[in-house]
Amino acid sequence: MLLLQKHHSASASPTTAQRQRVTMGTSNKMEVSAEQVEQAVVEFYQDPVAKSGLNAWLMQAQHSRHSWTFAWPLLDPSKPEEVQFFAGNTIYMKVSRYWHEVPKEEYEPLKMKILSLIAQYSRSKVILNRLVKSLGAYVIHTIQLDWTTAIQDIITMFDPGTVSGIDPSVALNLLFSILTIIPEELETMQEAMSINSKDKQVITGAVRNSHQAVLSLISQVMQAGQVSNVIKEVVLKTLNAWLKLSLPLSETRDLLVALIPYSNYALLCEPVMDALRTAVTDVGTYNIPNTVMEFVTQMLRLAPILEEAQRASDENTASLIYSLFTSVVECHSRLLLQCALQAEHQATVVQVVALLLQCAATPGQYPTDETTSNIPFAVWFTIQDDIMTFEGEQQAELLQLFQPVYLKLVDTFIQKSLLPAEDALTSEEQEMFRCYRQDICDTYMYAYYVLRGEMLSHLEVHLKDAVVKMQSNPSDWRYLEAVLHAYSSVAETVAETDNFYVPRFIQSIPQIPFSDNIQLISVALTTLGAYADWLNYHQDHMHHVIPLMVEGLVNASLVGAASQALRDLTLECPLTISPFSQPILTSCQRALEQSRLESAETERIMTIISRVLSVGKDQPTIMTYLNDTLTPYISRLSHLKDLMGNGISRDQHNELVSLLKLLSCLARHLNLNNSTVEEDDDDDGTTRRHSQVVSGEPQPLLLVLQQLMPLLSDIAAKATTDQEIIEALCKLLKNSISTLVDDCVAILPAILEIIPQLYEASLNPAILDLVKQLVILFGRDGNQENNMGVLLRMVTATTLNRASADLWSHTDAIHGCLMLLSASFKKTPNLIVSHHNHITPLFHLGVEALKLPEEGTVRAAGQFLASFINLSRDPNVGCLQPVVAHNTETLVRTLMFCICNSPRHSLTSFSDVLSALCKMYGDDLARTFKTVQADETFLSPRVNAQQKEDFAKKVLNNSARPSRGC
């Protein structure tokens, strides 16, 4: 809404006059009086029932030409404040957006009206803001040709020493408010004022040309002792607004350096920091490295102010200064590194980095005692990343200079990541600390790239100290936990070839006296799991870690961490884990039998079992173990299935879903052909894949599923609208197909019975993912091609029947269906011909889906339409070409509408479709564009005929480069 909403208790029922006003048209010929508008505004605030209709009418009135007439009398001081605000807002909107309605001879009278009202409302902040913005918009429209001396004239008009009728302090505040608004309005001119980018550059240049007068005024006022800090705060905001116009640092440097002492004042610190940051991080500074370094050297004069703030426990000032230097390093990291190689600048760089290291080491517990140490996290990545862009001796010199910094950083973060005492943090603070620790974890990785073996050596010293400390006091275990956290953080980063520090760490873990500290042992197990990839290349160290993990599995307090670590190990080390399979399987069985596990823990254990059974075991052994393990779960699943008919509790429902997820883990990981998959070539040259074991026997998973499918079919029949069960069931079937590939034919009839009854009832997109997998796998199989065609027809017909009438309520299904069809276009175009009765409605569905708000659905629609168009010229799929030809104009109109009304990130999808049209239907597209251009009502008034013509030319000129779109 354009109105400033206020809450009033008074209310009245809508009158006939209100209803008449609401139904008035938007034509500029309609008569709108100031009295009507005033009454409507007052009633808007008093009558909540009529609010919506009145707001619509007031907006129409505001956009009409009559608003130039009725707005001025409504600014009379005798009018209610909400009426005055509406009038001020109307004037701003008209000046900014409807400047073309102002005759040139009215420019000067309009300016004088605005200036007079600004003086009149100089003490009314809310309404004054609208009037000042109106003047800012006026300046932008006229400074290029008509009021070229606008800035200097405004400075003169509101000079506190000469202006009459306004208190000097009020005039000064008013002057700088106006000078702040003008550059701020420049930021919105392109969209709000419909000014193109070329004119914006010219106008910005015209405003910028007056910057010396503004800077001189700012300097003069900041040095004036009689000016209050409240006014100086406004002055500094003006400076920051003008600095955003990319003023030359060489011209602003002296003023900015003179402002540094003002950062010692609480009220002025933030605007001073903002001004310094804006100036030193401007893109124009990249071309003046010497000036930047001189300025950064001057900025170090903030160090004493920082020290004083820390002594006074003034965290706000300290945070602002640290944030400023963080921004400097993030923006000019490479320049600082280059200067670090020069003797005359090295001390400056070292001092800047030392400040940020000092920030990271802010004393106290984060986030209860301090909230400053997290400020420079991003800096450590930026420095490390830029160091690696140097080569040879320069990189070596930088590494030598910065390695002590990163070693100190490691020491700092080990202390800062110490876990607080139990119950020391609220739930919100715990989440903040968790994120803080994750940032520390990431920073450890950056430090490793700089330090390499030095970091592991440093951690080894910490580890020894932490163990000694815990031995002397078992309750003081947090230091050791922090060190293990650091080791875990670099686990994925350490080189696979490290044969010195990591082996010593792995060997030391079982020797640590954990003193039955469950939390610490859990951390140790998690850390070992993080080194799974390293252990895969150093299997001779596996015996150091397996006993600890196996022992943890049968401990109810450790099963979570142990199952996670062992799962990671079995996923990363499928072959090297084989010698330890028996103790692992035994412990898994004991864990499942003895412990009351969380569903996630049970799923991890099932993953471990599946991975271990998949290597080095014969089928009878596997089936015997699976029979013992799965029988209780399948029996429970069958029992829950029987209860479904009479209704099951929420707990029983969740248990059923968990059991399906458990079987899904088995289906994904129980695969005797992880390392080798047999392949045969069919007569048509396509590759067929089989999952039978070398002995010729079927996969154990297939044997399990053959027994399980009747149960799964019964569950599907009873849960046709239960989204959670459907998704879990589809994931189980999908994982099964991925593992068994072509050999899932044995259970395919049962799957093909389940899918239709589920999709026709639920339109769940998980079913479409399953169908896509089947279509790609079997769509060209001579024995299954007909079944896949029937399946595809069922899905498309159901989607069209259920979703076409209300696309917004079925975006997930539309998204999934279009993705399925896109995949079919690419992989199995033969199936398209078999269901050509649905081709035209599906094309229309894709076109309409372009208008939906979800980015993923729009992207799917773009892929579908582009694939459709590209395939339509294939003579083997002749049913597509007439559909495109008959609907080209509808598609083009939709694309142009969407381009005008969609967010920028969606444009690529529209570009892909236009590129396909250019490539495949260039002549038809050219004729369609001419038809669209001739339609004056289409996209009017937002897009005129010339813009349509320009757009068409750009699209057609890119027809030879379809990959770039339009």
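Residues numbered from 1 in each chain as written. Predicted model: local features only at pLDDT ≥ 70, side-chain atom pairs only at ≥ 80, totals over all residues. Heavy atoms only, no water.

K.L.:
How should I be thinking about the overall build of the chain in this particular structure?
P.N.:
Helix and strand counts for the chain stand at 45 helices and 2 strands. In the chain, which comprises 966 residues, the share counted as buried stands at 53%. Put simply, of all contacts in the chain between residues at least 6 apart along the chain, 73% involve residues at least 24 apart. For the chain, the accessible surface area stands at approximately 43,100 Å², while carbon and sulfur atoms represent 48% of it. The distance from the centre of the 72 positive side-chain charges to the centre of the 105 negative ones in the chain is 6 Å. (Helix = DSSP H or I, 4+ residues; strand = E, 2+ residues; numbered from the N terminus. Buried < 20%, exposed > 50% of the residue type's maximum accessible area, 1.4 Å probe, protein only. Contact = heavy atoms within 4.5 Å. Areas by Shrake-Rupley, 256 points an atom, 1.4 Å probe, with all protein chains shown as cover. Lys, Arg positive; Asp, Glu negative; His and termini not counted. Charge placed at Lys NZ, Arg CZ, Asp CG, Glu CD.)

K.L.:
Honestly, empty space enclosed by the protein in this entry has me stumped. Any pointers?
P.N.:
Empty space among the atoms can be located by rolling a probe the size of a water molecule over them. Following the criterion strictly, the structure yields 1 cavity of 30 Å³ or more and no others. By volume, the largest cavity is sized at about 40 Å³. Lining the largest cavity, in full, are Leu243, Leu247, Leu249, Thr252, Thr278, Ala279 and Asp282. Of all elements in the fold, only helix H13 (249–259) and helix H14 (266–280) reach the threshold of two or more residues within the lining of the largest cavity. Split by residue class, the lining of the largest cavity holds 4 nonpolar, 2 polar and 1 charged. (1 Å grid on protein atoms, 1.4 Å probe; cavity = no way out; pocket = protein on both sides within 12 Å on 5 of 7 lines; lining within 4 Å. Points joined across faces, edges and corners; volume = space filled by probe spheres on them. Nonpolar A, V, L, I, M, F, W, Y, C, P; charged D, E, K, R; others polar.)

K.L.:
Where do I start with helix H25 (residues 518–530) in this structure?
P.N.:
Counting along an α-helix, one turn takes 3.6 residues, and residues three or four places apart therefore face a common direction. For H25, built from 13 residues, the straight-helix expectation of 18 Å at 1.5 Å per residue is met to within 8% by its first-to-last C-alpha distance of 18 Å. Elements that come into contact with the buried residues of H25 comprise helix H22 (453–472), helix H23 (478–489), helix H24 (501–508), helix H26 (532–536), helix H27 (542–553) and helix H28 (559–572). Of the residues flanking the start of H25, the one acting as N-cap is Asn517, its side-chain oxygen 3.2 Å from the backbone nitrogen of Gln519. (Expected span 1.5 Å × (residues − 1). Polar contact = N/O pair within 3.5 Å; in protein donor to acceptor, adjacent residues only side chain to side chain.)

K.L.:
Got a minute to help me understand the state of the cysteines in this structure?
P.N.:
Working definition: the covalent bond between the sulfur atoms of two cysteines is a disulfide. Counting across every chain of the model gives 0 disulfides. The closest cysteine sulfur to the non-disulfide-bonded Cys744 is located on Cys730, 14 Å from its own sulfur. A residue is classified by how much of its surface remains accessible, and Cys744, at 0% relative accessible area, is buried. Looking at the unpaired Cys817, the closest cysteine sulfur is the one in Cys730, lying at 15 Å. (Disulfide = S-S within 2.5 Å.)

K.L.:
Any chance you could explain the packing of helix H29 (residues 581–594) against helix H31 (residues 619–644) here in plain terms?
P.N.:
For any two helices packed against each other, the geometry is given by the interaxial angle and the distance between the axes. Axis separation between H29 and H31 bottoms out at 12 Å; the angle between their running directions is 15°. The orientation of H29 relative to H31 falls into the category roughly parallel. Between H29 and H31 the crossing geometry is left-handed. Note on element contacts: H31 touches H29 through Tyr625, Asp628, Thr629 and Tyr633, opposite Leu585, Cys588, Gln589 and Leu592. Residue composition of the contact of H29 with H31, by class: 5 nonpolar, 2 polar and 1 charged. (Axes fitted to C-alpha atoms, helices over the stretch in contact; angles between N-to-C directions. Parallel < 35°, antiparallel > 145°, perpendicular 65-115°, else oblique. Left-handed = near helix turned anticlockwise from the far one by under 90°.)

K.L.:
Got a minute to help me understand the packing of helix H17 (residues 315–340) against helix H18 (residues 343–360) in this structure?
P.N.:
Where H17 contacts H18, the axes come no closer than 10 Å and their chain directions differ by 145°. In terms of crossing hand, the pair formed by H17 and H18 is left-handed. For the pair H17 and H18, the contacting residues are Tyr322, Phe325, Thr326, Val329, Leu336, Cys339 and Ala340 in the first and His345, Gln346, Val349, Val352, Leu355, Leu356, Gln358 and Cys359 in the second. Looking at the contact of H17 with H18 residue by residue, the class counts come to 11 nonpolar, 4 polar and no charged.

K.L.:
Explain unusual backbone geometry to me, please; I cannot follow it from the model alone.
P.N.:
The bulk of non-glycine residues show a negative phi, and the bulk of peptide bonds are trans. With an omega of 0°, the peptide bond running from Tyr366 to Pro367 counts as cis. Here Pro367 lies in the loop between H18 and helix H19 (377–387). The backbone phi angle of Asp516 is positive, close to 60°, even though this residue is not glycine. Owing to a relative accessible area of 70%, Asp516 belongs among the exposed residues under this scheme.

K.L.:
Please clarify how the nonpolar core should be interpreted in this entry.
P.N.:
Soluble globular proteins: nonpolar side chains tend toward being buried together. Grouped together as the largest cluster of nonpolar side chains are 338 residues, with contacts concentrated most on Trp380 and Leu569. Excluding its chain neighbours within four sequence positions, the residues that come into contact with Leu569 are Ala532, Leu535, Met542, Val545, Ile546, Met549 and Ile577. (Core = buried A, V, L, I, M, F, W, Y, C linked by side-chain atoms within 4.5 Å.)

K.L.:
Sorry, what's going on with the layout of surface pockets here?
P.N.:
Of the volumes computed, that of the second largest pocket is approximately 620 Å³. Lining the second largest pocket we find 20 residues, and of these Leu597, Ser599, Thr602, Tyr633 and Glu655 sit closest to its centre. Elements with a minimum of two residues in the lining of the second largest pocket: H29, helix H30 (599–613), H31 and helix H32 (650–669). Of the residues forming the lining of the second largest pocket, the biggest block, 6 residues, is contributed by H32. Its residues assigned to classes, the lining of the second largest pocket shows 6 nonpolar, 7 polar and 7 charged.

K.L.:
What is the right way to read the packing of aromatic side chains from this model?
P.N.:
Each aromatic ring pair is summarised here by two numbers: the centre-to-centre distance and the angle between the ring planes. Within this structure, the stated rule accounts for 21 aromatic pairs. Measuring from ring centre to ring centre gives 6.5 Å for Tyr448 and Tyr449, while their planes differ by 65°; the resulting arrangement is edge-to-face. Between Phe505 and Tyr531 the ring centres are 5.6 Å apart and the planes differ by 50°, which places this aromatic pair in the tilted class. Residue Phe505 is found in helix H24, and its partner Tyr531 is found in the loop between H25 and H26; the two are separated by 26 residues along the sequence. Using a relative accessible area of 2% as the deciding quantity, one classes Phe505 as buried. Its relative accessible area of 0% is what places Tyr531 among the buried residues. By way of ring pairs, the aromatic residues Tyr366, Phe377, Phe413, Phe433, Tyr436 and Tyr444 are connected into one cluster. (Phe/Tyr/Trp six-rings, centres within 6.5 Å; stacked < 30°, edge-to-face > 60°.)

K.L.:
In this structure, what is going on with the environment of Tyr262? I would like to understand it.
P.N.:
Tracing the backbone through its elements, the reader meets Tyr262 in the loop between H13 and H14. Residue Tyr262 is classed as buried on the basis of its relative accessible area, which comes to 16%. Here the alpha-carbon distance between Tyr262 and Ile305, two residues 43 residues apart in the chain, equals 9.9 Å. Sequence-distant contacts of Tyr262, defined by excluding residues within four places in its chain, comprise Met222, Gln223, Lys232, Leu268, Cys269 and Val272. Polar contacts involving the side chain of Tyr262 include one to the main-chain carbonyl oxygen of Met222, which spans 2.5 Å.

K.L.:
When you look at the confidence of the model for the chain in this model, what are you seeing that I'm missing?
P.N.:
Detailed reading of the predicted model is not advised wherever pLDDT is low. The predicted model of the chain averages 89 in pLDDT, with 92% of residues at 70 or higher. Counting contacts from residues 675–688, a segment whose pLDDT is below 50, to residues more than four positions away or on other chains yields 22 contacts. (pLDDT = per-residue confidence, 0-100.)

K.L.:
Is there a simple way to explain the environment of Leu336 in this structure?
P.N.:
Tracing the chain through its elements places Leu336 in helix H17. Given a relative accessible area of 6%, Leu336 falls into the buried group. Each C-alpha atom, one on Leu336 and one on Val353, is 9.8 Å from the other, the two residues being 17 residues apart in sequence. If near-sequence neighbours (up to four positions away) are discounted, Leu336 is found in contact with Met293, Val328, Val329 and Val349.

K.L.:
Looking at this model, I keep getting lost on the pattern of salt bridges. Mind explaining?
P.N.:
Oppositely charged side chains can form a pair if their charged atoms are brought close together. Across all of its chains, the model carries 24 salt bridges by this definition. Between Arg650 and Glu724 there is a salt bridge, with the nearest N and O atoms lying 2.7 Å from each other. Within this pair, whereas Arg650 is found in helix H32, its partner Glu724 is found in helix H34 (residues 723–740), the two being separated by 74 residues in sequence. The exposure class of Glu724 is partly exposed, given its relative accessible area of 37%. One connected set of salt bridges, linked through shared partners, spans Lys641, Asp642 and Asp714. (Salt bridge = Lys/Arg side-chain N within 4 Å of Asp/Glu carboxyl O.)

K.L.:
Before we go on, may I ask you to explain H29 in this structure?
P.N.:
Over its 14 residues, H29 extends 20 Å from the first C-alpha to the last, a length consistent with the 20 Å expected when each residue adds 1.5 Å. Listed as buried for H29 are Ser581, Ile584, Leu585, Ser587, Cys588, Gln589, Ala591 and Leu592. Elements that come into contact with the buried residues of H29 comprise H27, H28, H30 and H31.

K.L.:
For this particular structure, what's the right way to read the environment of Glu233?
P.N.:
Position of Glu233 relative to the elements: it lies in helix H12 (residues 229–243). Separated by 30 residues in sequence, Glu233 and Ile203 have C-alpha atoms that sit 27 Å apart.

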